[in-house]
Amino acid sequence: QVQLVESGGGLVQAGGSLRLSCVASGRTFSRYAMGWFRQAPGKEREFVAAINWNGGSTYYADSVKGRFTISRDNAKNTVYLQMNSLKPEDTAVYYCAAGGIVGKGPYQYDYWGQGTQVTVSS
């Protein structure tokens, strides 16, 4: 069992930056691929970024490529999402997730955090 807790969301102006963190409980964090997803009101949950167990491979949605960076620190049981050049369309609840295989589909992840709100004003 893995419990995930996100933090770092908030209100930011367009063009600004935020860094989200997701801390995992347990001693097996390094075994899991980690992903970030987001869900805006009235929309389906969508993939944002993912990273494999050792950080050697990363994946991004086209909409965030070049602006967002996913990273992890296995010693701290933490995965990060650095978000730069934020746009109003990035407004959503952001969720981190843990799974056995890195991928872009929500179904590939077994554990989810409660989410953190990111709001980008124009």
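Please read these numbers as outputs of a predicted model, since none were measured by experiment. (Residues numbered from 1 in each chain as written. Predicted model: local features only at pLDDT ≥ 70, side-chain atom pairs only at ≥ 80, totals over all residues. Heavy atoms only, no water.)

## Section: the pairing of strand β5 (residues 46–51)
The cut-off we apply is this: Burial classes follow relative accessibility: with a 1.4 Å probe on protein chains only, a residue under 20% of its type's maximum area counts as buried, one over 50% as exposed, and anything between as partly exposed. Numbered from the N terminus, helices here are DSSP runs of H or I no shorter than four residues, and strands are runs of E no shorter than two. A pair of strands is labelled paired if DSSP reports no fewer than 2 bridges between them.
For β5, the tally of buried residues reaches 5 of 6 residues, placing the bulk of the element in the interior. The sheet contact formed by strand β4 (residues 33–39) and β5 spans 5 bridges and is antiparallel. Each residue of the ladder has a partner; that of F37, found in β5, is F47. The turn joining β4 and β5, which pair antiparallel and follow one another in sequence, is formed by 6 residues; a positive phi near 75° is taken by G42.

## Things to note about the environment of G8
Spelled out, the test is: Only heavy atoms enter the contact rule, under which two residues are in contact if any of them lie within 4.5 Å.
Within the secondary structure layout, G8 lies in the loop between β1 (4–7) and β2 (10–13). Here G8 falls in the partly exposed class, since its relative accessible area comes to 32%. With residues up to four places along the chain from it excluded, the contact list for G8 reads L18, R19, L20 and T116.

## As for the packing of aromatic side chains
The condition that has to hold: Pairs were defined over the aromatic rings of Phe, Tyr and Trp, the Trp ring being its six-membered one, requiring ring centres within 6.5 Å. Orientation was assigned from the angle between planes: stacked under 30 degrees, edge-to-face over 60, tilted for the rest.
Under the definition given, this model contains 5 aromatic pairs. Judged by centre distance (5.9 Å) and plane angle (85°), the rings of Y32 and Y111 are edge-to-face. With Y32 in the loop between β3 (18–24) and β4 and Y111 in strand β10 (residues 111–112), this pair connects stretches of sequence that are 79 residues apart. Y111 carries the same exposure label as Y32, and that label is buried. Ring pairs connect the aromatic residues F37, F47, Y109 and W112, which therefore count as one cluster.

## As for the sheet that holds β3
Spelled out, the test is: Between N-to-C directions, angles cover 0 to 180 degrees, with each direction set by a line fitted to C-alpha atoms, over the stretch in contact for helices.
With respect to topology, 4 strands assemble into an open sheet ordered β1-β3-β8-β7, the strand pairing being antiparallel. For this open sheet the edge positions go to β1 and β7 (68–73), each flanked by a neighbour on one side alone. Pairs of neighbouring strands in the sheet enclose a mean axial angle of 15°, with direction left out of account. Where β3 and strand β8 (residues 78–83) come together, 6 bridges link them in antiparallel fashion. Of the residues in β8, the one forming a bridge with C22 is V79.

## Focus: the pairing of β3
In terms of burial, β3 is a largely internal element, 5 of the 7 residues being buried. Pairing of β1 with β3 involves 4 bridges; the strand directions are antiparallel. Its bridge partner lying in β3, V5 is registered against V23.

## Side note on the nonpolar core
Just so we agree on the cut-off: We define the nonpolar core as a collection of buried residues of types Ala, Val, Leu, Ile, Met, Phe, Trp, Tyr and Cys that are connected through side-chain atoms lying within 4.5 Å of one another.
Judged by nonpolar contacts, the single largest core of 38 residues is most densely connected at L4, M34, W36, L81, M83 and Y94. For this core, the secondary-structure elements that each account for two or more residues are β3, β4, β5, β7, β8, β9 (92–99) and β11 (116–121). Each residue touching L81, except ones within four places of it in the same chain, is listed here: L18, R19, L20, W36, V48, A49, F68, T69, I70 and Y94.

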